[in-house]
Structures are given as C-alpha cells and as structure tokens.
Amino acid sequence: MVKIAIAGGSGNVAQEIIGVLLETKKHEIIILSRKGDSGAEVTPGIRWVQTDYNPEQLEDPNSPVQKRLIDAAVQAGVKRFAPSEWATSGLEHLSWYSYKGEIRRYLEELNRDMTVLQYILFQPGLFVNYLTRPYKSTKHIHQIEIPFDFANRRFIAIDGSDDDQITFTAVKDLANVVAGAIDFEGEWPVVGGIRGTNISIGQLLALGEKVRGYQRFLVEKVKAEELEKGTWQTSIGVAGILLAFSAEAFAVSDEWNQLLPDYKFTQTEDLLAREWSVSL
C-alpha cells in the first residue's frame, strides 16, 4: 500500500484520478483541504487532513503554496512528487500557466546537485473530452471552450497551421496512467508524457466533419501576426491557445506509453465517434 497525499483533492482532475485509485483498493489517500472533510460522507480509503493554505494560491505566478508543499514533502521524506501540470509540454504564449514554469525551475534547482525529491511532470496534452462539449463525456472534468467547436461545427485556426500537431488524451487514460505510475517500480522520468492520439489540425477538422455527419465546418482563419499584435477579430477570444497550438506546445511526448506498453489508450476518433453518435 502506498500513502498518497493530494493537494486540492476537490479539483476536477484530482477527482477523476481519485476515483480510479479508489477502484484499485490498494492505497491510503489523504486529501489536503482547508475545510477538512466538511462533514462529507466517509469514503473508505480516504482520509481528510485540514491545512492552512489557500487553494487559489496554487496558480499564483510565484507559486508560494506549491513551493511550501515541495519543501514539506522533502522534510517528510516523501518518495515521489507530482506538481500541478496535467496539460502542456511547452508554455509559450500560455501566460496563465506561468506558475507551472516557476515550479519546473524550482524543482530542477532543488535537484541540481543530487536527487532530493523524485518528481514527474504529467503531461497529457489536451483532454479529448473537451471536444464533446456541451455534452459531458467524463464525470468530473469541466469542459472549457477551445477553438474547435464540434457542437456548432466551427473551427478557428491560424492560417497555414493545418500540419501543426496536437496531442489529445482521454481523461480516463490520464487517471489510469497515474494509477499505473504509482505502482511502477522503476524511477519516474522527469517528463511524463501521456499520448492518446497525435493529430494535425487539418486531420482534426476532417475528423470533426466526419463524426458530425459529414457536414462542413465553418473555419475562421487568423494570421499569427494579428494574434501577436492583438489586432485580430474572431468570435472567440483564444489568441494565446491558438499561438500555443502553432508552437506545438500541446504536442507531448510518450514516456508513459513506453513505460506501460500493455496499456491500450483510447483513440480520439473512437471516443468522438461514440460520444457524438449518442449525442446526435
């Protein structure tokens, strides 16, 4: 049995992972929370521990709370640590992810001379479940608005970006890989890419039209320089994420695909064809 402490355990990604961990019936799960269990129903395998940090500070650009968690983990002799990643490989153009870059630097410096704390950056790219919006295809994940709107058959893309690659991974695959990583006896790689499907923007458009009944999508093309200068006009304000797509920040590596070779990842086309056939 492994003792697993989860900060911000009420978050949507955390809840997906906790659900899978509970199913294994192998581990003791500790939820770090300001409010403790708040009288919640007792769940076997979960223990709530009240802390004095503010969860909102986890995304502070200077990441004071995450740094304190890292320092506390070192002092407590924690074997492995996974910071708040769960998304991209690159951070260019994604100002709201600046705290991730700060924590990467902090952990790298901590282990500069010797390994003080084994850690991993879990990176699944984008959740393919976002492409079923507004229909939910997971239990907990909040679906965010991205430039690919399958419901309204609309795409926004940078002109000339058809060949740019994006990694889409199903939420359940991320949760299962994290569970597998906890049981993994070898040393964790620092970069923990989790690759469901790599697909180009052009291929994604064709797939969207296929799963939505072979009907054409409205495609809005934007020039990169207009996004960078802030002079563009489209129906959704997604300049940063479009530029990140162009920089292939959401194309992640496949470390966990290689370390867990028997695991069968959900393919983007299979999930979307199933979910949209049910929703239509």
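Residues numbered from 1 in each chain as written. Predicted model: local features only at pLDDT ≥ 70, side-chain atom pairs only at ≥ 80, totals over all residues. Heavy atoms only, no water.

- In the nomenclature of an unreviewed UniProt entry, the protein chain corresponds to NmrA-like domain-containing protein from the organism Penicillium antarcticum.
- What UniProt records for the protein chain under Sequence similarities (unreviewed entry) is the sentence "Belongs to the NmrA-type oxidoreductase family. Isoflavone reductase subfamily." (UniProt positions renumbered as here; feature names shortened; annotations may be inferred.)

**Observations regarding the sheet that holds strand 7 (residues 126-127)**
Piece 1. Read across the sheet, three strands follow the order 7-10-12 without closing on themselves; strand pairing throughout is mixed. A strand with exactly one partner marks an edge of an open sheet, and here the two such strands are strand 7 and strand 12 (197-200).
Piece 2. Relative to strand 12, strand 10 (residues 165-169) runs antiparallel, the two being bridged by four bridges. If you follow Phe168 over to strand 12, its bridge partner there is Thr197. (Pairing = 2+ DSSP bridges. Helix = DSSP H or I, 4+ residues; strand = E, 2+ residues; numbered from the N terminus.)

**Points about unusual backbone geometry**
Piece 1. Of note, the amide linkage connecting Arg133 to Pro134 takes the cis form, showing an omega dihedral of 10 degrees.
Piece 2. By the secondary structure assignment, Pro134 is in the loop between strand 7 and strand 8 (148-149).
Piece 3. One non-glycine residue, Lys25, lies in the positive phi region at around 55 degrees.
Piece 4. Looking at the secondary structure, you find Lys25 in the loop between helix 1 (12-24) and strand 2 (28-33).
Piece 5. Backbone geometry at Arg153 places phi at a positive 55 degrees, although glycine is not the residue there.
Piece 6. Relative to the elements of secondary structure, Arg153 occurs in the loop between strand 8 and strand 9 (154-158).

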